Amino acid sequence: MTKRRTSLSHPPRQSGWGALSLEMLLSNLPGAVYRCLNDAHSTMQFASAGIEALTGYPPDAFRPPSKLTYASIIEPHDRVAVAAQIEAAIAEGKPYQVSYRILTSKGATKWIWEQGAAVVDASGAIVALEGFLADYTSVKNADATIREHASMLDKASDAIFVMNLAGTIIFWNKGAEGLFGVVPQQAIGCRYADLFAIPVSGYRKAHHAVMVEGEWRGEMSLALHDDTTVHTAMRWTLVPADADAGTSAKILVISSDISERKNAEARVHRMAYFDPLTDLPNRARFLDTLHHALLGSARNNRVGVLMFCDLDNFKSINDTRGHAAGDCLLQAVARRLERSVRATDMVARLGGDEFVVLLPAEDETFLGGARRAEKVASTILELMATPVRLAGDSESITASIGITLFSGSNETVESVLMKADAAMYQAKSAGRKTYRFFDPVMQESMVAQLNLQLSLRSALTDDEFVLYYQPQVGSDGAVLGAEALIRWQCKDGRMILPGDFIHAAEASGQIVEIGHWVLATACKQLAHWSRCAATQHLTLSINISALQFLEADFVTDTEEIFAATGVDPRRVKLELTESLLVTDVVSTAEKMEHLKALGVMFALDDFGTGYSSLSYLRKLPLDQLKIDTTFMRDVLTSRSDASIVRSIIALGDSLGLEVLAEGVESIGQRDFLHDAGCDAYQGFLYRPGLPAEGFMQYATAHLRAPPIGRHAG
Ligand SMILES: Nc1nc2c(ncn2[C@@H]2O[C@H](COP(=O)(O)OP(=O)(O)OP(=O)(O)O)[C@@H](O)[C@H]2O)c(=O)[nH]1
């Protein structure tokens, strides 16, 4: 209908049916039929009445003598293409099908779908074109809407895809392409389970739920073919079949990327349950696993093994090769321990140089368990025997191993750990680099230790602790202050000295709470002295345990106690031990400096018994060195003890630190110290620890220095 064709054939065929009935049939069609000549103007020879509903023009409007042609109302942009398509089809002797836009008589645009064919005469010349025109606008608009929806789906950041009920992908948006790195051309036609290397059970579960309940929501980790994994939160919705639209049922999947959240969760989990230095499970993870192992053992009545491995003299490696080298060694040890066991066994680091190996409960007899343990312990000792290379040099390390077997429900996590720990100490006592099984004879002392810890728990709440105060005097005999000493006044009247319970309190961690009580009570006492003229100048030394000092909030806790008691921090002297100072010099120094700024003084307790190192003496803001009692005992008879004491006093002098000697029991000892230049003394020569009132009386009576004389006591 758009262009003249080469030849014209016979006029419209008419059957004997009658022109009128044909006319009626055609006018009832939802469209129009036409016949146009193959001349220069494609002259419309016939158009059915329906053309008016399509174009707004009556059929006569396209017939001579009217100048209007059907081709002229075709949208100019479409006209050439339509002509070319019809021409091409005719040239091949085929019917044509085209769609294009027209402008109606009212100026509206309509989409027309046209189908037709050439009419050929006997000579083969094309005489006319006959065809059918239909309004295609609504179909085209629906298409455009679908395309618009699809493009909106593409703009969604979520991955959206659709699959048929057999799991074959039939729609795949840009979000899915971005999230899974698969383009629509690859994804469409693929089966879900093939596209993602997921366990089929995961897919089946979601598929079953969506078929039964119409929806499934959950998280799925999808392994992609490039070996990466995407963690997604998914919502699968069943889209039912639509008989009117002729569509079948399908599954719509909307999936968002939760990899970041999952990775953050995994990082938090790792931090909570793994030791960052060695990458081994940490104490928390191990305790949890041991708990389950005990439950399993009680259930199946099999024997499991716990081995406690502690490196021998590890501290000296830290001291001689540095902390970083010590860290490397711990990592090497971790790998060796892992190599000593099977995948089902567990190696964990409890802290410091302490490791544990847990062999699950699977032996029927204790003998079987013991054999298994012996084998693993020997392998560990053997693997440890090869020197470890540390920054070019090799370093030898050995370990002591304590072994305990567990079975049944009588054991608890604490009891098993304590047995392995006790056995490890046996191995240390036996000369190290060996293993020992837990000896039931040890049980007795362990039970005593456990009972002690239980009693300690109630001691604090029942107010059974008291503080005694041992005078500290200057070289002129005047009282300078005191050291607060804890005593446990049991309900049954017994008075227990710290040596008999502090170790148990340290082992159970109760020392932190007890230490807090000591600090608060001592500060209260000191604040009281400050309010009395006779004692206002006194200082008070308070012992701080390593565990207490290492608490993250030790400094703020102490400040709160100062504020609550109104004590003058400049009269408080905190006594720290050497082992604490070497644990982490940097953070120890920070805490000390903080308190120092308030005026607090620091004394180094038991000096000379531990790992004295000049470097930390210089780095830390200390005020006083306390010579340990052990050197005083034989100071008058042992040349070496005497020279150690003299050296400590000289060292204190050169570092500008006051030196106080503990355990001064005789005048001879005091004179020796005096001659060596010792600044202060504490010991039975003066007084043992006294209750607060007794100390007040003593201090008031010894306010002023007695006349200086060699043997004045
Ligand atoms: N390098 C390093 N050292 C640590 C770490 N944690 C604790 N330590 C040190 O490990 C040492 C543990 O020493 P201990 O087990 O008490 O003593 P030891 O020298 O091994 O002696 P024995 O156990 O009696 O054979 C201490 O000096 C700690 O300061 C760490 O993460 N890295």
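Rules used throughout
Residues numbered from 1 in each chain as written. Predicted model: local features only at pLDDT ≥ 70, side-chain atom pairs only at ≥ 80, totals over all residues. Heavy atoms only, no water. Pairing = 2+ DSSP bridges. Helix = DSSP H or I, 4+ residues; strand = E, 2+ residues; numbered from the N terminus. Axes fitted to C-alpha atoms, helices over the stretch in contact; angles between N-to-C directions. Contact = heavy atoms within 4.5 Å. Salt bridge = Lys/Arg side-chain N within 4 Å of Asp/Glu carboxyl O. Buried < 20%, exposed > 50% of the residue type's maximum accessible area, 1.4 Å probe, protein only. Near = heavy atom within 4 Å. Polar contact = N/O pair within 3.5 Å; in protein donor to acceptor, adjacent residues only side chain to side chain. Areas by Shrake-Rupley, 256 points an atom, 1.4 Å probe, with all protein chains shown as cover. Nonpolar A, V, L, I, M, F, W, Y, C, P; charged D, E, K, R; others polar. Core = buried A, V, L, I, M, F, W, Y, C linked by side-chain atoms within 4.5 Å. Phe/Tyr/Trp six-rings, centres within 6.5 Å; stacked < 30°, edge-to-face > 60°. Lys NZ or Arg CZ within 6 Å of the ring centre and 35° of its normal.

Details of the sheet that holds strand E10 (residues 250-257)
Line of reasoning, step 1. Taking strand neighbours across the sheet as the criterion, the 5 strands line up as E7-E6-E10-E9-E8 in an open arrangement whose pairing is antiparallel. Both edges of this open sheet fall to strand E7 (169-172) and strand E8 (215-223), since each of them pairs with a single strand only. The mean angle between the axes of side-by-side strands here comes to 25°, regardless of whether they run parallel or antiparallel.
Line of reasoning, step 2. With 3 bridges connecting them, strand E6 (residues 159-164) and E7 associate as antiparallel partners. Counted as the bridge partner of Val 162 is Phe 171 from E7.
Line of reasoning, step 3. In this fold helix H8 (residues 200-213) packs onto E6, E8, strand E9 (229-239) and E10, with an angle of close to 165° to the strand it touches most, E8.
Line of reasoning, step 4. Packed onto the sheet, helix H9 (residues 259-273) meets E8, E9 and E10 and runs at close to 130° relative to E9.

Here's the deal with the pattern of salt bridges
Line of reasoning, step 1. Applying the stated criterion to the full structure yields 36 salt bridges.
Line of reasoning, step 2. Between Glu 575 and Lys 626 there is a salt bridge; the shortest N-O distance is 2.6 Å. Separated by 51 residues along the polypeptide, Glu 575 in strand E22 (residues 572-577) and Lys 626 in strand E24 (residues 624-627) bring together distant segments of the chain.
Line of reasoning, step 3. Classification of Glu 575 as buried rests on a relative accessible area of 1%.
Line of reasoning, step 4. In this structure Lys 626 comes out as buried when scored by relative accessible area, which is 0%.
Line of reasoning, step 5. If you follow the salt bridges from partner to partner, you end up with Arg 342, Asp 345, Glu 362, Asp 363 and Arg 372 in one network.

Some points on the site of the ligand
Line of reasoning, step 1. Taken together, 16 residues surround the ligand, and among them Lys 315, Asn 318, Asp 327, Asp 353 and Arg 432 come closest.
Line of reasoning, step 2. Contacts to the ligand include Asp 327, whose side-chain N or O atom sits 2.6 Å from a nitrogen atom.
Line of reasoning, step 3. Arg 349 places a polar side-chain atom, nitrogen or oxygen, 3.0 Å from an oxygen atom of the ligand.
Line of reasoning, step 4. Expressed as a share of its isolated accessible area of 660 Å², the protein-covered part of the ligand is 72%.
Line of reasoning, step 5. The set of elements that each furnish at least two residues to the shell around the ligand consists of strand E11 (303-311), helix H11 (314-321) and helix H12 (323-340).
Line of reasoning, step 6. A per-element tally of the shell around the ligand places H12 first, with 4 residues.
Line of reasoning, step 7. Across the shell around the ligand, the residue classes break down as 3 nonpolar, 5 polar and 8 charged.

Considering the pairing of E11
Line of reasoning, step 1. For E11, the buried fraction is high: 9 of the 9 residues fall into the buried class.
Line of reasoning, step 2. Residues of E11 alternate between two faces, with Val 303, Val 305, Met 307, Cys 309 and Leu 311 on one and Gly 304, Leu 306, Phe 308 and Asp 310 on the opposite face, all of them buried.
Line of reasoning, step 3. Both E11 and strand E13 (residues 354-363) contribute to a ladder of 7 bridges, which runs antiparallel. Following the sheet pairing, Asp 310 is matched in E13 by Glu 354.
Line of reasoning, step 4. Direction of pairing for E11 relative to strand E16 (residues 399-406): antiparallel, over a ladder of 8 bridges. Paired with Asp 310 across the two strands is Ser 400, which belongs to E16.

Points about the nonpolar core
Line of reasoning, step 1. Formed by 76 residues in total, the largest nonpolar core has its most connected members in Ile 542, Leu 574 and Leu 673.
Line of reasoning, step 2. Sorting elements by how many residues they give to this core places helix H17 (residues 511-530) first, with 10 residues.
Line of reasoning, step 3. With residues near it in sequence (within four places) discarded, Leu 673 still touches Met 632, Val 645, Ile 649, Ala 661, Val 664, Cys 678 and Tyr 681.

Quick notes on the packing of aromatic side chains
Line of reasoning, step 1. Counting across every chain of the model gives 23 aromatic pairs.
Line of reasoning, step 2. Centre to centre, the rings of Trp 488 and Phe 501 are 5.4 Å apart; their planes meet at 80°, and the pair counts as edge-to-face. Linking Trp 488 in strand E19 (residues 479-489) with Phe 501 in the loop between strand E20 (495-496) and helix H16 (502-508), this pair joins segments that are 13 residues apart in sequence.
Line of reasoning, step 3. Judged by its relative accessible area of 3%, Trp 488 is buried.
Line of reasoning, step 4. Aromatic ring contacts, followed pair by pair, group Phe 161, Trp 172, Phe 180, Tyr 192, Phe 196, Tyr 203, Trp 216 and Trp 236 into a single cluster.
Line of reasoning, step 5. Across the ring face of Phe 274, the terminal group of Arg 270 is positioned such that the distance to the ring centre comes to 3.8 Å.
Line of reasoning, step 6. Here the basic side chain of Lys 591 rests over the ring of Phe 549, its NZ or CZ set 5.5 Å away from the ring centre.

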